[in-house]
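Examining the three-dimensional arrangement
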Amino acid sequence: MPSSPSTTRPWALPSGARGSTRTAASRRPWPTCSTSPRAWPTRTRWPASTWAGGKAVIIGDPARDKSEALLRAYGRFVQSLGGRYITACDVGTYSEDMDIVARECRFVTGRTVAHGGAGDSSILTAFGVFQGMRASAERVYGTPSLRGRRVGVEGVGKVGHRLVELLREDGAEVVICDVSPQAIERVRLRHPEVGVVADARALMTSDIDVFAPCALGGALDDDSVASLRAKIVCGAANNQLAHPGVEKQLAERGILYAPDYVVNSGGVIQVADEIGGFDMERARSKAAQIYDTTLKIFAIAAEEGVPPAVAADRLAERRMSEVGRIRAIWLGH
């Protein structure tokens, strides 16, 4: 929806399933917004989640256009859907913003802890990506540890800087890049040993074992895959593959790709847990399942002779089909 409260309009709710979803405030107009809804219907259909998915986009510069009136107007749109769509925060929005949305809407998650919410969902997003990376290391190197591996993290914002923390705790060597000097400085203040390169291109062509895209989407295209030196791609960004077919190029080069909507689903798991009354330990336990799910996808991919991205889609579609059949059961009212 555009960034004027008087002219706001909702975009769409993908599928008729009840959705646990996110709100992104984007500087880019649709359809060029990198955090588009494409990956969301499958993203929330993993064993740790019983929700379908979708994405709401508020067009505008969050630093300039975000206001109480805009957020409350958005809340009224979500409320009008009567619970078929449950929103939370994402790029450009924060838990404090969800508290404002909640003044007009009951169907809000990702609220601040002070208001009974889960708080910052980047905590379990980063944790889930780390679990996916451990599973990838197990597949490639025979051990789930990243100790001694060099990991390149593109984007050290809400999720990326937390991922750096987890990687350093595990003994990984880390090199980063970000368009924000402030984001880089925040990481370097805590970890002066972390390396910095100029941009994503420099990061992908450097001597790294793992590439972790944690900025906006489309990082992996024909040119970047051809020059990528990592053996593993596992990160938090949505829609990492610029177009269909990139997953095959990665496989042909012997690069293991951990599907983005699998490994970055920890944040959705965190905010969805609010619906039943939030418990961090329960949510963290569910997010830890990303490790086993990622290994399962790699096994299916090897067994069926397809890239992991294709195996992930098949697994998610199978689950959606199986769960969808229960809708045919008549409830008698």
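In this text the structure is predicted, and so the values were computed from the model without any measurement. (Residues numbered from 1 in each chain as written. Predicted model: local features only at pLDDT ≥ 70, side-chain atom pairs only at ≥ 80, totals over all residues. Heavy atoms only, no water.)

The number of helices and strands found in the protein chain is 15 helices and 10 strands. Going through the 333 residues of the protein chain one by one, you find that 54% of them count as buried. Accessible area for the protein chain stands at about 14600 Å²; split by element, carbon and sulfur atoms hold 52% of it. (Helix = DSSP H or I, 4+ residues; strand = E, 2+ residues; numbered from the N terminus. Buried < 20%, exposed > 50% of the residue type's maximum accessible area, 1.4 Å probe, protein only. Areas by Shrake-Rupley, 256 points an atom, 1.4 Å probe, with all protein chains shown as cover.)

Now for the pairing of strand 8 (residues 210–213). Every second residue of strand 8 is oriented toward a common face, with Val 210 and Ala 212 on one face and Phe 211 and Pro 213 on the other, all of them buried. Looking at chain direction, strand 5 (residues 150–154) and strand 8 are connected through 4 bridges and run parallel. Looking across to strand 8, one finds that Glu 154 is bridged to Pro 213. When strand 8 meets strand 9 (residues 232–233), the two strands line up parallel, connected through 2 bridges. Directly across from Val 210, in strand 9, lies its bridge partner Ile 232. The β-α-β motif built from strand 8, the intervening helix 9 (residues 222–227) and the parallel element strand 9 has right-handed crossover chirality. (Pairing = 2+ DSSP bridges. Right-handed = clockwise from strand over helix to strand, strands pointing away.)

Let us now look at the confidence of the model for the protein chain. Mean pLDDT over the protein chain stands at 86; residues scoring 70 or higher make up 84%. Long-range and interchain partners of residues 10–20, a stretch whose pLDDT sits below 50, account for 34 contacts in this model, where long-range means more than four residues apart. Ignoring residues within four places in sequence, the model shows residues 25–45, a span with pLDDT below 50, making 76 contacts including any to other chains. (pLDDT = per-residue confidence, 0-100. Contact = heavy atoms within 4.5 Å.)

The subject of this paragraph is unusual backbone geometry. The backbone of Asn 239 sits at a positive phi, close to 50°, despite the residue not being glycine. Along the chain, Asn 239 falls in the loop between strand 9 and helix 10 (246–252).

With that settled, consider the packing of aromatic side chains. Scanning the model with the defined rule gives 0 aromatic pairs in all. The ring centre of Tyr 291 lies 4.7 Å from the NZ or CZ of Arg 134, which sits over that ring. (Phe/Tyr/Trp six-rings, centres within 6.5 Å; stacked < 30°, edge-to-face > 60°. Lys NZ or Arg CZ within 6 Å of the ring centre and 35° of its normal.)

Right, let's talk about the sheet that holds strand 8 for a bit. If you trace the 6 strands from one edge of the open sheet to the other, you get 7-6-5-8-9-10, paired in parallel fashion. With partners counted over all chains shown, the strands left at the sheet margins are strand 7 (195–196) and strand 10 (256–257), one partner each. The pairing of strand 6 (residues 173–177) with strand 7 spans 2 bridges and is classified as parallel. Opposite Val 175, over in strand 7, you have Gly 195 as the bridge partner.

Tracing the backbone through its elements, the reader meets Gln 270 in helix 12 (residues 266–272). Of the residues examined, Gln 270 reaches a relative accessible area of 0% and is grouped as buried. One polar contact links the side chain of Gln 270 to the main-chain carbonyl oxygen of Asp 120, over a distance of 3.0 Å. Once residues within four sequence positions are removed from consideration, Gln 270 is found in contact with Ala 118, Gly 119, Asp 120, Ser 121, Ile 123, Leu 124, Phe 278, Met 280 and Ala 283. (Polar contact = N/O pair within 3.5 Å; in protein donor to acceptor, adjacent residues only side chain to side chain.)

On inspection of all chains with the given rule, the structure shows 14 salt bridges. In this structure, the salt-bridge partner of Glu 104 is Arg 76, at a minimum N-O distance of 3.0 Å. Residue Glu 104 is located in the loop between helix 4 (95–101) and helix 5 (122–141), and its partner Arg 76 is located in helix 3 (residues 68–80); the two are separated by 28 residues in the primary sequence. Here Glu 165 ties to Arg 190 by a salt bridge, and the two come within 2.5 Å at their closest N and O atoms. Taken together, the positions of Glu 165 in helix 6 (residues 160–169) and Arg 190 in helix 7 (residues 181–190) put the pair 25 residues apart, joining distant regions of the chain. (Salt bridge = Lys/Arg side-chain N within 4 Å of Asp/Glu carboxyl O.)

Looking now at helix 6. Taking burial as the measure, the 10 residues of helix 6 include 7 buried ones, the bulk of the element. Of the residues making up helix 6, those classed as buried are Gly 160, His 161, Leu 163, Val 164, Glu 165, Leu 166 and Leu 167. On its buried face, helix 6 is in contact with helix 5, strand 5, strand 6, helix 7 and strand 8. Positive backbone phi, approximately 95°, marks Gly 171, located one or two places after helix 6.

The next point concerns the packing of helix 5 against helix 13 (residues 280–288). At a minimum axis separation of 9 Å, helix 5 and helix 13 run at an interaxial angle of 30°. If you check the angle between helix 5 and helix 13, you find them roughly parallel. At the point where helix 5 passes helix 13, the crossing takes the right-handed sense. Residues Ile 123, Leu 124, Phe 127 and Gln 131 of helix 5 touch helix 13, and the partners they reach there are Met 280, Ala 283, Arg 284, Ala 287 and Ala 288. For the contact of helix 5 with helix 13, the class distribution of residues is 7 nonpolar, 1 polar and 1 charged. (Axes fitted to C-alpha atoms, helices over the stretch in contact; angles between N-to-C directions. Parallel < 35°, antiparallel > 145°, perpendicular 65-115°, else oblique. Left-handed = near helix turned anticlockwise from the far one by under 90°. Nonpolar A, V, L, I, M, F, W, Y, C, P; charged D, E, K, R; others polar.)

Looking now at the pairing of strand 5. Where burial is concerned, most of strand 5 is hidden: 4 out of the 5 residues are buried. One ladder, built from 5 bridges, connects strand 5 with strand 6; its direction is parallel. Considered in strand 6, the bridge of Glu 154 is made with Cys 177. A crossover links strand 5 with its parallel partner strand 6, the connecting element being helix 6, and its sense is right-handed.

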